[in-house]
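# Overview (structure and organization)
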Amino acid sequence: MGTRFKGFYRLSPEERLDNVAEHSGLSGEEKAIIRGEKGFSVQTADQMVENVIGYMPIPLGVAANFKVDGRDIFVPMATEEPSVIAAASNAARLAYDTGGFTTSFSGPIMIGQVHVTQLSHPYAAMAKIYENKEAILNKCNQQDPTLISLGGGALDLEVRVVKTLSEKVLVIHLFVDTRDAMGANAVNTMNEAVAPLIEKITGGKVVLRILSNLADKRIARARAVFESPFGNDKEMLHRFISAYELAAADPYRAATHNKGIMNGVSAVVLATGNDTRAVEAGAHAYAARFGRYTTLTHYELGENRTIIGTIELPLAVGLVGGATKSHPVARTAIKMLGVKTSRELAGIIAAVGLAQNFAALRALASEGIQKGHMKLHAKNMAIQAGAKGHEIGRVVEWVVKEGRFRFDDIKRYLEKIREE
Ligand SMILES: CC(C)(COP(=O)([O-])OP(=O)([O-])OC[C@H]1O[C@@H](n2cnc3c(N)ncnc32)[C@H](O)[C@@H]1OP(=O)([O-])[O-])[C@@H](O)C(=O)NCCC(=O)NCCSC(=O)C[C@@](C)(O)CC(=O)[O-]
Ligand SMILES: NC(=O)C1=CN([C@@H]2O[C@H](COP(=O)(O)OP(=O)(O)OC[C@H]3O[C@@H](n4cnc5c(N)ncnc54)[C@H](OP(=O)(O)O)[C@@H]3O)[C@@H](O)[C@H]2O)C=CC1
């Protein structure tokens, strides 16, 4: 069964879940976990974080129409923001018949930083680190036999002299293949274990021993050819490219453009129990790597009025570690995706980021964002205004028809229908 599913959104939540379960082979128990009827409890939460008093449900939806590296998938997305999942599905639809998304990955390499201070001869200390590279990497690799047995571990290192406000310090980058883990704990353990050896080699004092979230050795890329959402309208295609070009040139616009990408990226990262803050920090730092903040996506006009989209961003996500295994919904979401490696997961997330951005640019270049977004947000606004049961549908219908997206207008309309 494919996931190009016209009108998937018109099904009931139960019917959608049945389709997803059939596609991904989810069991009855896994369906109950997704519905929130089983699996996650206050006790589970209490084992995950501190001072637990409850937990906060976030909607879990699936984006339809995604084909990634030739495979049809339903993409689980956890988000509180209306129109995000609709937009991702909308853009994926436009890339489906042209082959879907093709991805690549630079490898699951994380960077651990060891920071050495109080050096009388920083450049000589740097040379000594390289002279002792094998001993340093061996020390790192003694920390994680599991990772080594899986073909990962510390592979190499690089050293820089960094001039800080008060002194020249050494920053040693340990390059660690963390396989299918995000790797923060694995890398931090190595950083801490190797620090005494580094102090001995350099004669300095180590302060920081922590991974870098600028995971620029763990880059995921995705590419897709989108059918023109504007038919043969050249002016609209021009407006689309112009919208992208402003983002590429202007950091104020790029921040919003990339926020739109992260609407999709963070929703899948969260649904799979990965660390949203780590991925967000990495993406934005990567966007600023040339000294000026710019876009993570690029667009070029293709043949027959197609638009070729590409995305490139660091994606430190895993299938083990963090909450990926301890959170029952995350475990089920990973099963839903049918991924076996962190590389596959990163590719899918990159594809969703690209789709998300394409959908937002399409709307921005044409009717504007409010029409689609606010249509889907209208339900939230109606509920916030106090609408209940059948009132919600009536308020939404009125808001969309009249284009009145103001909260005070909605409240007045609600009062009016209650007086009828
Ligand atoms: C919202 C749509 C999709 C409506 O778009 P539409 O043209 O009204 O939709 P349609 O009825 O023609 O349907 C097209 C497809 O959209 C999907 N779709 C359509 N409706 C639904 C729905 N209810 N639930 C789930 N999926 C839906 C669905 O896949 C459907 O295909 P079909 O099933 O018919 O083959 C469109 O207007 C859109 O893509 N808008 C962009 C919305 C967006 O980007 N939202 C993100 C939040 S705004 C933001 O935070 C970021 C931003 C925008 O500032 C970033 C930036 O500035 O770059
Ligand atoms: N700056 C940041 O971003 C920071 C993030 N974090 C947090 O760290 C967590 C992620 O750390 P991470 O190291 O991934 O998690 P874990 O330490 O929980 O998991 C990684 C470990 O799992 C074991 N493992 C089993 N199978 C595999 C496999 N196929 N591939 C790789 N490893 C495998 C490995 O060894 P073994 O069996 O010996 O454990 C590995 O060290 C997240 O919760 C994140 O929020 C923490 C600190 C800082």
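Definitions and limits used
- Residues numbered from 1 in each chain as written.
- Chains lettered and ligands numbered in written order.
- Predicted model: local features only at pLDDT ≥ 70, side-chain atom pairs only at ≥ 80, totals over all residues.
- Heavy atoms only, no water.
- UniProt positions renumbered as here; feature names shortened; annotations may be inferred.
- Pairing = 2+ DSSP bridges.
- Helix = DSSP H or I, 4+ residues; strand = E, 2+ residues; numbered from the N terminus.
- Axes fitted to C-alpha atoms, helices over the stretch in contact; angles between N-to-C directions.
- Contact = heavy atoms within 4.5 Å.
- Parallel < 35°, antiparallel > 145°, perpendicular 65-115°, else oblique.
- Left-handed = near helix turned anticlockwise from the far one by under 90°.
- 1 Å grid on protein atoms, 1.4 Å probe; cavity = no way out; pocket = protein on both sides within 12 Å on 5 of 7 lines; lining within 4 Å.
- Points joined across faces, edges and corners; volume = space filled by probe spheres on them.
- Core = buried A, V, L, I, M, F, W, Y, C linked by side-chain atoms within 4.5 Å.
- Buried < 20%, exposed > 50% of the residue type's maximum accessible area, 1.4 Å probe, protein only.
- Domains from an automatic or database assignment.
- Buried area = accessible area lost by both parts, 1.4 Å probe.
- Salt bridge = Lys/Arg side-chain N within 4 Å of Asp/Glu carboxyl O.
- Polar contact = N/O pair within 3.5 Å; in protein donor to acceptor, adjacent residues only side chain to side chain.
- Near = heavy atom within 4 Å.

- As recorded in an unreviewed UniProt entry, the protein chain goes by 3-hydroxy-3-methylglutaryl coenzyme A reductase and comes from Planifilum fimeticola.
- Listed in UniProt under the heading Pathway (unreviewed entry), the comment for the protein chain reads: "Metabolic intermediate metabolism; (R)-mevalonate degradation; (S)-3-hydroxy-3-methylglutaryl-CoA from (R)-mevalonate: step 1/1."
- In its Sequence similarities (unreviewed entry) section, UniProt records this for the protein chain: "Belongs to the HMG-CoA reductase family."

## Focus on the sheet that holds strand β4 (residues 109–117)
- Taken in spatial order, the four strands make up an open sheet running β5-β6-β4-β7, and their pairing is antiparallel. Only two strands of the sheet have a single neighbouring strand rather than two, namely β5 (153–163) and β7 (205–212). In this sheet, adjacent strand axes meet at a mean angle of 20 degrees when their direction is disregarded.
- Bridging between β5 and strand β6 (residues 168–177) involves 10 bridges; their strand directions are antiparallel. Directly across from L157, in β6, lies its bridge partner L174.
- In the packing of helix α5 (residues 122–131) onto the sheet, the strands contacted are β5 and β6, and the crossing angle to β5 comes to about 175 degrees.
- Sheet contacts for helix α6 (residues 133–141): β5 and β6; angle to β5, the most-contacted strand, approximately 120 degrees.

## A closer look at the packing of helix α10 (residues 251–271) against helix α13 (residues 342–365)
- Packing of α10 against α13 leaves a shortest axis separation of 8 Å and a crossing angle of 135 degrees. When the interaxial angle is binned, α10 and α13 end up oblique. When the axes of α10 and α13 are compared, the crossing they make is right-handed. Contact with α10, carried on its side by R253, H257, G260, I261, N263, G264, V265, V268 and V269, involves I349, V352, G353, Q356, N357, L361 and L364 of α13 and no other residues of that element.

## Brief notes about empty space enclosed by the protein
- The tally for this structure, following the rule as stated, stands at one cavity of 30 Å³ or more.
- The space that makes up the largest cavity amounts to roughly 40 Å³.
- In terms of lining, the largest cavity is formed by M110, N213, A215, A278, V279, G282, P314 and A316.

## Things to note about the nonpolar core
- Within the largest apolar cluster, 62 residues are counted, with the highest numbers of intra-cluster contacts made by F66, V75 and F101.
- Sorting elements by how many residues they give to this core places α13 first, with 13 residues.
- If sequence neighbours within four positions are ignored, F66 has contacts with T3, R71, D72, I73, V75, A88, A92, F101, A351, V352 and A355.
- In terms of nonpolar packing, the next biggest core, distinct from the first, is built from 33 residues, L119, L157, V187 and A195 among them.

## Quick look at the domain arrangement of the protein chain
- Taken domain by domain, the protein chain consists of domain 1 (8–106 + 218–366), domain 2 (109–212) and domain 3 (372–419).
- Of note, the centres of domain 1 and domain 2, computed from C-alpha atoms alone, are 33 Å apart.
- Opposite the 11 residues of domain 1 that make contact, domain 2 presents seven residues.
- For domain 1, the biggest contributors to the area lost against domain 2 are R218, A316 and V320; these three give 59% of the whole.
- Remark: the boundary between domain 1 and domain 2 carries zero salt bridges.
- Connecting domain 1 to domain 2 are seven residue pairs in polar contact (both at pLDDT 80 or more).

## Here we look at the site of ligand 1
- Surrounding ligand 1, one finds 30 residues, the nearest of these being G7, E81, S83, R253 and K259.
- One of the side-chain nitrogen or oxygen atoms of N90 is found 3.4 Å away from an oxygen atom of ligand 1.
- Within the side chain of R253, an N or O atom sits 2.8 Å from an oxygen atom of ligand 1.
- Broken down by secondary-structure element, the contributors of at least two residues to the shell around ligand 1 are α4 (84–96), α10, α13 and α14 (369–384).
- Per-element tally for the shell around ligand 1: the top contributor is α10, with six residues.

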